[in-house]
Amino acid sequence: QVQLVESGGGLVQPGGSLRLSCAASGISFGIFAMGWYRQAPGEQRELVATITSRGRTNYADSVKGRFTISRDNAKNTVYLQMNDLKPEDTAVYYCKTEPNYGSGTWGQGTQVTVSS
């Protein structure tokens, strides 16, 4: 019943911007913290940013100052605004619920490629 669907990925040039969206269904979205993760080819999945149900945010050092996580509880959607994109940001980006119990739920991922 719980479903997260990412969208907004694509191919962008270095220095460009992209906004990812994650639409949630099957949960009381407004009470869940949410996270964005990414996984580059051959690399471990890493945490990018989190946002609590009340809007408190945390970021990986590698994206701090460039990425912004936000949420619209009325739309059951969490966003990741990515600015000044670098080739090192190339990865599959996943959203995830961050419950204080259980393992959470992953979305299917959306590909972000930063290349000239």
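Cut-off values and rules
- Residues numbered from 1 in each chain as written.
- Predicted model: local features only at pLDDT ≥ 70, side-chain atom pairs only at ≥ 80, totals over all residues.
- Heavy atoms only, no water.
- Pairing = 2+ DSSP bridges.
- Helix = DSSP H or I, 4+ residues; strand = E, 2+ residues; numbered from the N terminus.
- Axes fitted to C-alpha atoms, helices over the stretch in contact; angles between N-to-C directions.

Trainee: Outline the sheet that holds strand β8 (residues 77–82), supporting the account with residue identities and numerical values.
Mentor: Across the sheet, which stays open at both edges, the four strands sit in the order β1-β3-β8-β7 with antiparallel pairing between neighbours. Every interior strand has two partners, whereas the edge strands, β1 (3–7) and β7 (67–72), have only one. With direction set aside, neighbouring strand axes in the sheet form an average angle of 15°. Looking at chain direction, strand β3 (residues 18–25) and β8 are connected through six bridges and run antiparallel.

Trainee: So what's going on with unusual backbone geometry? Which residues, and what values?
Mentor: The phi dihedral of Asn76 is positive, around 50°, even though this residue is not glycine. Unusually for a residue other than glycine, Asp84 sits at a positive phi of about 50°. The topology assignment puts Asp84 in the loop between β8 and β9 (91–98).

Trainee: Could you give me a rundown of the sheet that holds strand β10 (residues 110–114), with the residues and numbers involved?
Mentor: Read across the open sheet, the six strands follow the order β2-β10-β9-β4-β5-β6; overall the sheet is mixed. Of all the strands in the sheet, just β2 (10–12) and β6 (57–59) have a single pairing partner and so form its edges. Put simply, the sheet's adjacent strands are angled 25° from each other on average, direction ignored. Bridge count for β9 against β10 is three bridges, and the pairing is antiparallel.

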